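What the coordinates show
Residue strings, one per chain:
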Amino acid sequence: MYNKSQLPNGLRLATYKMAHRESAAVGIWVGAGGRYEDKVDNGIAHVLEHLSFKGTKKYSATKIKETIEGLGGSLNAFTSEEYTCYLTKIVAKHLPLVIDILSDMVLNPSLLKKDLDKEKSVICEEIKMYRDLPQSYVYELLDELIWPGHPLGMNLAGTIESVSSITPQLLAGFHHRLYQTANMVVSVCGNVGHRKIHKQIAGIFGKENPKKNIEFVKVNISQDKPRVNLFFKETEQSHLAIGYLGLERQHPDRHALALLHIILGANMSSRLFNEVREKKGLAYEIGTQVKRLSDTGVFLVHAGVDNRKVVMAIATIFKEMEKISQKQVSRDEFTRAKEYYTGQLLLGLEDTLDHMLWLGEQEISLRKIKTIRDILKEIETVDISDLRRVAKHIFRDNRLSLALIGPQSDSEKKEIMSVL
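Before going into details, it helps to say that this report is about the structure given with it.

Notes on the layout of surface pockets
Roughly 520 Å³ of internal volume is contained in the second largest pocket. At three residues, the largest contribution of residues to the lining of the second largest pocket is made by helix α13 (residues 352-366). Taken together, the residues of the lining of the second largest pocket break down into seven nonpolar, six polar and seven charged.

Overview of the nonpolar core
I242, Y244, F299, I317, L387 and F395 are the most contacted members of the largest nonpolar core, which has 64 residues in total. It is helix α9 (residues 254-265) that contributes the most residues to this core, eight residues altogether. Residues contacting I242, with those up to four places away along its chain left out, are L142, F299, L300, V301, I317, F318, L400, S401 and L402. I28, Y59, I68 and Y86 belong to the second largest nonpolar core, which has 52 residues in total.

What to know about the packing of aromatic side chains
Applying the stated criterion to the full structure yields 10 aromatic pairs. Ring geometry for W29 and F78: centres 6.0 Å apart, planes at 85 degrees, overall edge-to-face. With W29 in strand β3 (residues 23-30) and F78 in strand β4 (residues 74-79), this pair connects stretches of sequence that are 49 residues apart. One aromatic cluster is present, built from ring pairs that chain together W29, F78 and Y83. The ring of F216 is capped by R35, whose NZ or CZ atom sits 3.7 Å from the centre of that ring.

Digging into the packing of helix α11 (residues 310-326) against helix α15 (residues 384-394)
The contact between α11 and α15 brings their axes to 7 Å, and the two run at 130 degrees. Classified by the angle their axes make, α11 and α15 are oblique. At the point where α11 passes α15, the crossing takes the left-handed sense. Taking contact as the criterion, the partners of I324, S325 and Q326 in α11 are, on α15, R388, A391 and K392. Here the contact of α11 with α15 is composed, by residue class, of two nonpolar, two polar and two charged.

Here's the deal with helix α5 (residues 134-146)
Over its 13 residues, α5 runs 18 Å from end to end, which matches the ideal 18 Å to within 8%, given 1.5 Å per residue. For α5, the full list of buried residues reads P134, Y137, V138, E140, L141, L142, D143, L145 and I146. Residues of α5 that are buried in the fold lie against α4 (113-131), β7 (227-232), β8 (237-245), β9 (283-292), β10 (297-306) and β11 (400-406).

Digging into the pattern of salt bridges
Under the definition given, this model contains 22 salt bridges. For E363, the salt bridge goes to R12, with nearest N and O atoms at 3.0 Å. You can see E363 sitting in helix α13 and its partner R12 sitting in strand β2 (residues 12-17), a full 351 residues away along the chain. Here E363 matches R12 in class, with each residue buried. When the shortest N-O distance is used, the salt bridge between K113 and D117 registers 2.8 Å. A residue pair is termed a helical-turn pair when its members lie 3 or 4 positions apart in one helix, as K113 and D117 do in helix α4 at four residues. Overall, the relative accessible area of 53% leaves K113 in the exposed class. Classification of D117 by relative accessible area gives partly exposed; the value is 34%. Here the salt bridges share partners, and the residues they tie into one network are R35, E82, R249 and D295.

What about the side chain of T288?
Here T288 is to be found in strand β9. At a separation of 2.7 Å, a polar atom in the side chain of T288 contacts the side chain of H261. Non-local contacts of T288, meaning those with residues more than four positions away in its chain, are made with H261, L264, G265, A266, L272, F299, L300, V301 and H302.

Observations concerning a positive patch on the surface
Together, K280, K319, K323 and K327 give the surface a local cluster of positive charge. With respect to the helices, strands and loops of the structure, K323 is situated in helix α11.

Re helix α10 (residues 271-279)
Among all positions in α10, only R271, L272, F273, E275 and V276 are buried. Buried residues along α10 sit against α9, β9, β10, α11 and α12 (331-348). Where α10 ends, the next residue or the one after it, G281, has phi of about 60 degrees, a positive value.

Describing the side chain of T316
Tracing the backbone shows T316 in helix α11. Here T316 falls in the buried class, since its relative accessible area comes to 4%. A polar contact is formed between the side chain of T316 and the backbone oxygen of M312, at a distance of 2.7 Å. Not counting residues within four places of it along the chain, the set of residues in contact with T316 comprises E275, V276, K280 and L282.

Some details on the sheet that holds strand β6 (residues 184-190)
If you trace the six strands from one edge of the open sheet to the other, you get β1-β2-β6-β3-β5-β4, paired in mixed fashion. Either end of the sheet is taken by a strand with one partner, and the two such strands are β1 (2-6) and β4. Taken over all neighbouring pairs, the strand axes of this sheet differ in orientation by 15 degrees on average, direction set aside. Where β3 lies against β6, seven bridges are found, and the strand directions are antiparallel. Looking at β6, one finds that V30 is bridged to M184.

Calculation notes
Residues numbered from 1 in each chain as written. Predicted model: local features only at pLDDT ≥ 70, side-chain atom pairs only at ≥ 80, totals over all residues. Heavy atoms only, no water. 1 Å grid on protein atoms, 1.4 Å probe; cavity = no way out; pocket = protein on both sides within 12 Å on 5 of 7 lines; lining within 4 Å. Points joined across faces, edges and corners; volume = space filled by probe spheres on them. Helix = DSSP H or I, 4+ residues; strand = E, 2+ residues; numbered from the N terminus. Nonpolar A, V, L, I, M, F, W, Y, C, P; charged D, E, K, R; others polar. Core = buried A, V, L, I, M, F, W, Y, C linked by side-chain atoms within 4.5 Å. Buried < 20%, exposed > 50% of the residue type's maximum accessible area, 1.4 Å probe, protein only. Contact = heavy atoms within 4.5 Å. Phe/Tyr/Trp six-rings, centres within 6.5 Å; stacked < 30°, edge-to-face > 60°. Lys NZ or Arg CZ within 6 Å of the ring centre and 35° of its normal. Axes fitted to C-alpha atoms, helices over the stretch in contact; angles between N-to-C directions. Parallel < 35°, antiparallel > 145°, perpendicular 65-115°, else oblique. Left-handed = near helix turned anticlockwise from the far one by under 90°. Expected span 1.5 Å × (residues − 1). Salt bridge = Lys/Arg side-chain N within 4 Å of Asp/Glu carboxyl O. Polar contact = N/O pair within 3.5 Å; in protein donor to acceptor, adjacent residues only side chain to side chain. Patch = residues over 30% accessible without salt bridge, like charges linked within 9 Å, V, L, I, M, F, W, Y side chains within 5 Å. Areas by Shrake-Rupley, 256 points an atom, 1.4 Å probe, with all protein chains shown as cover. Lys, Arg positive; Asp, Glu negative; His and termini not counted. Charge placed at Lys NZ, Arg CZ, Asp CG, Glu CD. Pairing = 2+ DSSP bridges.

Shown next, in the form of structure tokens:
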């Protein structure tokens, strides 16, 4: 059973007792991500995440790392489009200490200029590195196509120009605006007691004053035809990313789309893997993903393709998307997809860290937590006919964007365009 409580200033705590585990995992989630930025401060959420590891009013950077790692634990963080999460996994008896450290990183980062200058240099090199990796940069090109002129279309790491212009004052302003208790969730899983953690959290965060909730710019983008970016680069392999405008996080058809993902490209028995790689040998890497956000989403197809076989690979992918839109999947394929979906959910929640991420992401995104039983019931209601209906809605030209990085000639580019 999940336990939840809330401080008077709006901070929410969610815990799950996993009695027979030695470990515990804690995450502090902040509703601060890439879509809260603009062109001027693009990348600031990611920079702030990095700076939080450089020391706080209470702990030096060395003390943070040596304390947690010296107790056998791990420490990490990540920034996404809609939130930032600071997390650790530790032997359960050390949980009070690591909660204190993580909380200070979130509430009281030093944000010193000397640390910022060093980290800006590191992040700029990170941006350059991913620009040099076509299998990564192709997603940046795709986001720009899917969400043009919107914060979601910008790189989460920012640009060299935007990151270079970030000052301690800008960071402090972003922190003050978004790192507020009404915009935070603490999630904890393991052999833990909710009341004990609530008491500690109240002692740390209770003195923080509540502030106004923050809104982001919602997506309102229309599209009437495919969008394409064929980026020339002398590579040994062409890297392809296809994105169809998908479904928002709470859309009623979200499970049907997840099942389409499994059937099309989630594993080695998927249609795209079999057709593109196994039967035709067009790609080494081929798969699909589903990204869901508060008000939008995307269904992704990604592949690393032989430079000489790009047109054939794209044509094969589109053929499979059309096929699943026009012809109902077999009962056996549908059953296997459901079993894979539910099996992966159940297996993914056995670990304290994975369960903490499941718990925290739901609470920060939805302000509620569904149990695994709730999710399984929802999946069970999906009918085989729902898949074709959803596929026909999603896999259309006016929802399609395609980004490609490779050494294609002008004539090859024309061939690619003719396939669309």
